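Residues per chain are reported as follows:
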Amino acid sequence: MPRPLTLNERDLVVFILGQHSPLQDHFGLVEEMNDGGMGSLLFVGAADRRFGRCIGEAEFDDADGVLVSVALNLDQRDELFELDLWKVDFSPLQRIAAIGDVRPSRWSPQKLR
């Protein structure tokens, strides 16, 4: 069922995009993905969309201390495609961290373009 981003989800996307991205005005609705409860979201869009590229990454520690890796992906038209969350032990996400607890990914540099 499509829904708007929560405040913490929106803050996470803005953190990855940067404060002045033109994509900030085009969040639209999201749907939760079938990922075992790890929290990934698909931005609602055209049926023919497919992965285009990753534009940025971040990470945070879940409430249980397990690392959550986050990637923000665009589709082939450079529109928001998915917010991919991966909890490194594959357990369900307990919460999206407050923005003060989110940091750039230590595994790869931010790829903001």
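As the structure is a computational prediction, the values presented were derived from the model and not from experiment.

Colleague: Any details on the pairing of strand β4 (residues 51–61)? Residues and values, ideally.
Modeller: As judged from the nine bridges shared by β4 and strand β5 (residues 67–75), these two strands associate in the antiparallel manner. Across the sheet, F51 pairs through a bridge with D75, a residue of β5. When β4 meets strand β7 (residues 103–104), the two strands line up antiparallel, connected through two bridges. In the strand pairing of β7, A58 is matched with P104.

Colleague: Provide a residue-level description of the nonpolar core, including the pertinent values.
Modeller: In globular proteins that are soluble, nonpolar side chains generally tend to be buried together. Judged by nonpolar contacts, the single largest core of 25 residues is most densely connected at L12, F60, V70, L72 and L83. Breaking this core down by element, the ones donating at least two residues are α1 (7–17), β3 (41–43), β4, β5 and β6 (80–87). Sort the elements by how many residues they give to this core and α1 lands first, with five residues. Other than its neighbours up to four places away in sequence, L72 contacts V13, I16, L17, F43, R53, C54, I55, G56, L80, E82 and L83.

Colleague: Explain the sheet that holds β7 residue by residue, including any values.
Modeller: In spatial order, the strands read β1-β2-β3-β6-β5-β4-β7; together these seven strands make up an open sheet with antiparallel pairing. Whereas interior strands pair on both sides, the edge strands pair on one side only; in this sheet they are β1 (3–4) and β7.

Colleague: Explain unusual backbone geometry residue by residue, including any values.
Modeller: The backbone of D78 shows a phi angle near 60°, a positive value even though the residue is not glycine. Looking at where D78 falls in the secondary structure, it is placed in the loop between β5 and β6. Relative accessible area serves as the criterion here: at 38%, D78 is assigned to the partly exposed category. Phi is positive for F90, which is not a glycine, with a value near 65°. Along the polypeptide, F90 turns up in the loop between β6 and β7.

Cut-offs and rules
- Counting starts from 1 at the beginning of each chain's written sequence and moves along it residue by residue.
- Selection of residues for local features in this predicted model requires a pLDDT of at least 70, selection of side-chain atom pairs for listing and counting requires 80 or more, and totals for whole chains, interfaces and linings are taken over all residues.
- Only hydrogens and water are removed before side-chain values are computed, so all heavy atoms of the structure are retained for them.
- DSSP bridges decide pairing: two strands pair if at least two such bridges lie between them.
- We count a stretch as a helix when DSSP gives it H or I for four or more residues in a row; a strand needs E for two or more, and each element gets its number in order from the N terminus.
- For this analysis, a nonpolar core means a set of buried residues of the types Ala, Val, Leu, Ile, Met, Phe, Trp, Tyr and Cys, connected via side-chain atoms within 4.5 Å.
- To sort residues, take the accessible area from a 1.4 Å probe on protein chains only and compare it with the maximum for the residue type: under 20% means buried, over 50% means exposed, and anything in between is partly exposed.
- Contact criterion: two residues are considered in contact whenever any of their non-hydrogen atoms come within 4.5 Å of each other.

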